[in-house]
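Summary of structural features
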Number of protein chains: 2
Amino acid sequence: MSAKAEREPVIVLVRPQLGENIGKAARAMLNFGLTEMRLVTPRDGWPNPSAGPAAAGADVVLEQARVFGTLAEAVADCANVYATTVRKRGVAKPVVTPEQAAREIHAAPGRSAYVFGPERSGLETEDVALARAILTVPINAEFGSLNLAQAVILCAYEWSKTMGLEQPTIEELLPPAPQDELEGLIAHFEALLDAKNYFWPEPRAASNRRTLRNLLTKPGWNSLEVRTFRGVLSTLEKEPRNR
Amino acid sequence: MSAKAEREPVIVLVRPQLGENIGKAARAMLNFGLTEMRLVTPRDGWPNPSAGPAAAGADVVLEQARVFGTLAEAVADCANVYATTVRKRGVAKPVVTPEQAAREIHAAPGRSAYVFGPERSGLETEDVALARAILTVPINAEFGSLNLAQAVILCAYEWSKTMGLEQPTIEELLPPAPQDELEGLIAHFEALLDAKNYFWPEPRAASNRRTLRNLLTKPGWNSLEVRTFRGVLSTLEKEPRNR
């Protein structure tokens, strides 16, 4: 993978409904030089014959689009995940504009992803929990009606603007660990806590899991740190060694 | 006319073809607080029954839209006219980006207008001649395919940024917990790990403690999160509850 491709953020459409909107999103992306689209369980399957005509020539984006079963899998290799949403959420995460996100993505090491929800409903709380930050387009408070392709084009446009600028030198900071390493940590932690009935009684389990996930997503730990933490968890699982 | 309305730029669509695209442009405008649309000889007359549904609720823009016979009349009261085009023209005028245009419009006295051409052909040389400057969206040189509503939305979006639209607050982000709460968490974690001989053998202890401290300092967890994490640690200390 070339250095350029590594830096290009991916566009993830979660449970998109209409093939036409997938095509429009592809067109929006390619206008500003983005080519990597990922789809999480598109409603009408994939490929979708309605996507092509709406892409208006951005076929290369659709042809290379990859389909995933879950958002976690779709962003497994991404260190910086932005969940786009216009709604209030009970999640305490940093909220950024498309402009700020673009600047961060250019400055940050590791791959980045812009995540968009289904046309009508937007992202679920569980989807947002996977992200390090929430991306919101500042919009007319009395008329907020951005469609999927419009949200995509604003993000892609802002990203493309920073591409012309001089690249700021990236510090010797390690990027946040890819999502799959973080998932490994979360699964490990959950298993440990489950053995102690942390997720009991059942009605609280989902919310407890989400809380734990948010807690472990916030740090942006790098691979080394994730590995250290897993070592800590392994220690806690063990019987005390004899000195 | 209020001071705000006087400063709000107008969106001029020259010879638009489809009512649907006029509706989409209205929707794009209102998302970013623009309400004044002017139409120059729309192909299918005005009003157009296809515009309403495509406006997705931005009816106020369509209802107030005014129709003109020529572009010169449509921008007669405007001091700063920007002709949007993606193509090079044989006209020696300044070429600006949507961002630069927005900045100029905010700084300039007098009314401003963004002028957009027909869907297929774009603005004629005669139209461009009326403008003080050409507005071009920097775009993928190998795939430039912005439709009318997309061009409108990028201009409106850039203009709104300088207006300081309210960003919907998600939730007041809590500050990181005070240091003593963090110390409490670290001490708790260390006690737990010490019981499992994590800090043994002795020569490694200091460096292990430092690593753990760095790991737990990085997140910037707030008081609530620190308390949750201490609950997690307490759970790990306990024998499993009976279900």
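Looking at an unreviewed UniProt entry, chain A carries the name tRNA (cytidine/uridine-2'-O-)-methyltransferase TrmJ, with the source organism given as Novosphingobium album. A UniProt comment under Subunit (unreviewed entry) is attached to chain A, and it reads "Homodimer." In UniProt, chain A has this text filed under Sequence similarities (unreviewed entry): "Belongs to the class IV-like SAM-binding methyltransferase superfamily. RNA methyltransferase TrmH family."

**Quick notes on the interface of chain A and chain B**
At the junction of the two partners, chain A supplies 72 residues and chain B supplies 66 residues. Buried area between chain A and chain B, summed over both chains or domains, comes out near 6200 Å², and the portion from carbon and sulfur atoms is 59%. Linking chain A with chain B are 6 salt bridges, by the criterion used here. Lys218 of chain A is the partner of Glu225 of chain B in a salt bridge, and the nearest nitrogen-oxygen pair spans 2.7 Å. One can count 24 residue pairs in polar contact (both at pLDDT 80 or more) joining chain A with chain B.

**Some words on the state of the cysteines**
Residue and element names in this part refer to chain B. Taken as a whole, this structure holds 0 disulfides over all chains when the rule is applied. The thiol of Cys78 is unpaired, and the distance to the nearest cysteine sulfur, on Cys155, comes to 14 Å. On the basis of relative accessible area, Cys78 is assigned to the buried category, the value being 11%.

**Regarding the packing of aromatic side chains**
Tallied over the full model, the rule gives 15 aromatic pairs over all chains. For the ring pair Tyr157 of chain A and Tyr157 of chain B, a centre distance of 6.4 Å and an interplane angle of 80° mean the geometry is edge-to-face. With Tyr157 of chain A in helix 8 (residues 148-163) and Tyr157 of chain B in helix 8 (residues 148-163), this pair bridges two chains. Pair check on accessibility: Tyr157 of chain A and Tyr157 of chain B agree, each one buried. An angle of 70° between the planes, with centres 6.0 Å apart, marks the rings of Phe229 of chain A and Phe189 of chain B as edge-to-face. Here Phe229 of chain A, found in helix 11 (residues 223-237), pairs with Phe189 of chain B, found in helix 9 (residues 179-195), and the two come from separate chains. Note on accessibility: Phe229 of chain A and Phe189 of chain B belong to one class, buried. Members of the aromatic cluster, connected to one another through ring pairs, are Phe189, Trp221 and Phe229 of chain A together with Phe189, Trp221 and Phe229 of chain B. For the cation-ring pair, Arg209 of chain A lies above Phe199 of chain A, with the distance from its terminal atom to the ring centre recorded as 4.1 Å.

**Describing the pairing of strand 4 (residues 78-84) of chain B**
A regular strand places its side chains so that they alternate between the two faces of the sheet. All names here are of chain B. Taken across its 7 residues, strand 4 has 6 buried, putting it largely inside the fold. In terms of strand pairing, strand 4 meets strand 6 (residues 111-116) through 5 bridges, oriented parallel. Across the sheet, the residue bridging to Val81 is Ala113, located in strand 6.

**Points about the environment of Thr35 of chain A**
Residues and elements named next belong to chain A. As for its placement among the helices and strands, Thr35 is situated in the loop between helix 2 (19-31) and strand 2 (37-40). Judged by its relative accessible area of 25%, Thr35 is partly exposed. The residues touching Thr35, leaving out its near neighbours within four places in the chain, are Glu8, Met29, Leu30, Val61 and Gln64.

The rules behind the values
Residue indices begin from 1 for each chain and proceed along its sequence in written order. For naming, the first written chain is A and the first written ligand is 1, with later ones following in the order written. Since the coordinates come from a predicted model, pLDDT governs what is reported: local features require at least 70, and pairs of side-chain atoms require 80 or more to be given and counted, while whole-chain, interface and lining totals use all residues. Remark: hydrogens and water are excluded; side-chain values derive from all non-hydrogen atoms of the structure. UniProt positions are given in the numbering used here, feature names are shortened, and annotations may be inferred rather than shown by experiment. Should any heavy atoms of two residues lie within 4.5 Å, those residues are considered in contact. Buried area counts how much accessible surface, traced with a 1.4 Å probe, disappears from two parts once they are put together, with both parts' losses summed. We define a salt bridge as a contact between a side-chain nitrogen of Lys or Arg and a carboxyl oxygen of Asp or Glu at a distance within 4 Å. Polar contact is defined as a pair of N or O atoms within 3.5 Å, subject to the rule that within protein one atom must be able to donate a hydrogen and the other to accept it, and that residues adjacent in sequence are counted only when both atoms are side-chain atoms. The disulfide criterion used throughout: a pair of cysteine sulfur atoms within 2.5 Å. Burial classification: accessible surface area is computed with a 1.4 Å probe over protein chains only, and a residue below 20% of its type maximum counts as buried, one above 50% as exposed, and the rest as partly exposed. Geometry of aromatic contacts follows a simple scheme: Phe, Tyr and Trp rings, the Trp one being its six-membered ring, pair when their centres are within 6.5 Å, and the pair is stacked under 30 degrees between planes, edge-to-face over 60, tilted otherwise. Counting from the N terminus, the helices are DSSP H or I runs at least four residues long and the strands are E runs at least two residues long. Here, a charge over a ring means that NZ of Lys or CZ of Arg falls within 6 Å of the ring centre while also lying within 35 degrees of the ring normal. If DSSP finds at least two bridges between two strands, the strands pair.

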